[in-house]
Amino acid sequence: MINNIIVFNGSKRDFEKLIKERISENEDTIPFMDLIQHYNARLRPNESGVGESALSMKIDVDNCIVRAEDYGSVLEHVLSNFVGIITLNHDVGTLYVHNPPKRVIRSLEAYSDNIQYLSSKYMEIRREDLKMIYGDLQSNILGQEKCKKQIMSGLYRMSTKGNDKPIVLMLYGPSGVGKTETAKSISKSLGGELLRIQFSMMQSNEAYNYIFGAEHSKGSFARDMMGRESNVILIDEFDKVNPIFYNAFYELFDEGKYVDSNYEVNLNNAIFLCTCNFMSQNEIKKVLGPAMFSRIGCCIEYMDLTKEQKETIIEKWYEEIMERLNQEEKRYINSTDILEWFKVNANRYDNIRLLKIRLENAIFDELTEKYVF
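Cut-offs and rules
- Residue positions are given per chain, counted from 1 along the sequence in the order it is written.
- Predicted model: local features are reported for residues with pLDDT of at least 70 only, side-chain atom pairs are reported and counted for 80 or more only, and whole-chain, interface and lining totals are derived from all residues.
- Hydrogen atoms and water are omitted, and side-chain values are computed over all heavy atoms in the structure.
- Pairs of strands are assigned from DSSP output, requiring at least two bridges between the strands.
- Helix and strand assignments follow DSSP, with helices taken as H or I runs no shorter than four residues and strands as E runs no shorter than two, numbered in order from the N terminus.
- Every angle, taken between N-to-C directions, lies between 0 and 180 degrees, and every axis is a line fitted to C-alpha atoms, over only the stretch in contact when it is a helix.
- Contacts are assigned to residue pairs with any non-hydrogen atoms lying within 4.5 Å of each other.
- Segmentation into domains, and thus their bounds, comes from an automatic or database assignment.
- By buried area we mean how much accessible surface two parts lose on assembly, using a 1.4 Å probe and totalling the loss over both.
- Think of a salt bridge as a Lys or Arg side-chain nitrogen and an Asp or Glu carboxyl oxygen that are within 4 Å of each other.
- What qualifies as a polar contact is a pair of N or O atoms within 3.5 Å, subject to a donor-acceptor requirement within protein and to the restriction that residues adjacent in sequence count only when both atoms come from side chains.
- Between 30 and 60 degrees the pair is tilted, below 30 it is stacked and above 60 it is edge-to-face, where a pair is any two Phe, Tyr or Trp rings, Trp via its six-membered ring, whose centres lie within 6.5 Å.
- Any Lys NZ or Arg CZ found within 6 Å of a ring centre and within 35 degrees of that ring's normal is scored as a charge over the ring.

**Side note on the sheet that holds strand β12 (residues 298–301)**
Strand order in this open sheet of five strands is β7-β8-β11-β6-β12, and the pairing throughout is parallel. Two strands close off the open sheet at either side, each with one partner strand: β7 (195–198) and β12. Between one strand axis and the next, the sheet turns through 20 degrees on average, direction left out of account. Here four bridges tie strand β8 (residues 232–236) to strand β11 (residues 271–276), and the two strands are oriented parallel to one another. Each residue of the ladder has a partner; that of I233, found in β11, is F272. Packed onto the sheet, helix α10 (residues 179–189) meets β6 (167–172), β7, β8 and β11 and runs at close to 165 degrees relative to β8. Docked against the sheet, helix α14 (residues 281–288) engages β6, β11 and β12, running at close to 120 degrees with respect to β6.

Printed below as a string of structure tokens:
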């Protein structure tokens, strides 16, 4: 028997917060995976070493917690007979279920029509939030002023429209000039870590299964979006995915709904930031095709940084690394010409991420030579 059922759709952070608020320390709580061990012992009493009389007794528990990662550890029949397996050995006061696949939902709804559905509350963009978001972009992204203004224009439109459809922006230009950092900044402004989807490796059957869903134990695009912390989703290198997969995004970008074989996800008011390394809108349209291109609200071009901007970034990263060092290490590194060399040679690096790696390597190579060898 299950007295109460709570289904929570959303981030792990918010689900754990709910558990902490609802369950006191003195309540008897069992994780779903412990319950599965009881179930397996019931099926194989000889192997479990537990007497049949003990196994046949119902165990009363105040709470049972099913976390999103638990589904990947069980066989398919467990999902289809979800309630039957839970109630086989236990009477549960409240069952907490996080991001359940559709088969689990069907099992729960067949058992009870009194299910409480809760979800993460994602911050919607309001007019009064725009200055804060822009201020964060100014602090986190050097240069790219035109890009920031175009992004803020798109977000302003989102704050005034009368529907809850997603906004889709394509950020294009060379690598390492701030596209990903822009997405991270907006996501943090809106209350959570960025969900980043990498499409550059998706050229195989595994990619098909990720996008459209296959085995419940495997990761999927829908499952990742369901567990997002904020309503900002970065799809990196959108141009690298096989074009046959683009039809999966039409309803998502049009209506904010995504359905695969295991999950249904609501993405109202989501912000999709897609990136590519093309150098013009004509290239983007040619590769994506008219149907997909028409669903992009705005294409925003990121430019190479100037030498002065790169020097400012070098100084900032240098100071961040120095803060991690002790006083003796700082004095030694400051006595070298590392900072000056990178500032003079800043234009050798087109990719800012590579520049950061090289600077950090230079500092720690120098410290290793001094204090280890």
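**Quick notes on the domain arrangement of the protein**
Here the protein is partitioned into domain 1 (2–119), domain 2 (127–301) and domain 3 (307–372). Here the C-alpha centre of domain 3 lies 33 Å away from the C-alpha centre of domain 2. In this complex, domain 2 contributes seven residues to the contact, which on the side of domain 3 involves eight residues. Summing both partners gives a buried area of about 540 Å² for domain 2 against domain 3, and 52% of it is carried by carbon and sulfur. It is L142, S175 and G176 that lose the most area in domain 2 upon contact with domain 3, and together they represent 71% of the buried surface on that side. In this structure, the connection of domain 2 to domain 3 is made through zero salt bridges. The tally of links from domain 2 across to domain 3 stands at one residue pair in polar contact (both at pLDDT 80 or more).

**Brief notes about the packing of aromatic side chains**
Overall, the coordinates contain 16 aromatic pairs when judged by the stated rule. Judged by centre distance (6.2 Å) and plane angle (40 degrees), the rings of Y210 and F221 are tilted. Placement of Y210 in helix α11 (residues 205–212) and of F221 in helix α12 (residues 221–226) is noted, with a sequence separation of eleven residues between them. Taken together, the ring pairs in this structure connect Y210, F221, F238, Y246, F249, F253, Y258 and F272 into an aromatic cluster. The ring of Y122 carries the charged tip of R228 above its face, separated from the ring centre by 4.2 Å.

**Some remarks on the sheet that holds strand β4 (residues 90–98)**
Adjacent strands of a sheet form backbone hydrogen bonds with each other and so pair up, either parallel or antiparallel. Spatial ordering of the open sheet is given by β2-β3-β4-β1-β5, a layout of five strands whose pairing is parallel. Taken across any chain shown, the strands that pair with only one partner, and hence form the sheet edges, are β2 (29–31) and β5 (115–119). Across the sheet, the mean angle separating the axes of adjacent strands is 25 degrees when strand polarity is ignored. Contacts from helix α1 (residues 12–22) reach β1 (2–9), β3 (59–66), β4 and β5, with the element oriented near 145 degrees to β4.

**Concerning the pattern of salt bridges**
Across all of its chains, the model carries 14 salt bridges by this definition. Across the pair D254 and R295 runs a salt bridge, and its minimum N-O distance is 3.1 Å. With D254 in helix α13 (residues 250–255) and R295 in the loop between α15 (290–293) and β12, this residue pair connects regions lying 41 residues apart in the sequence.

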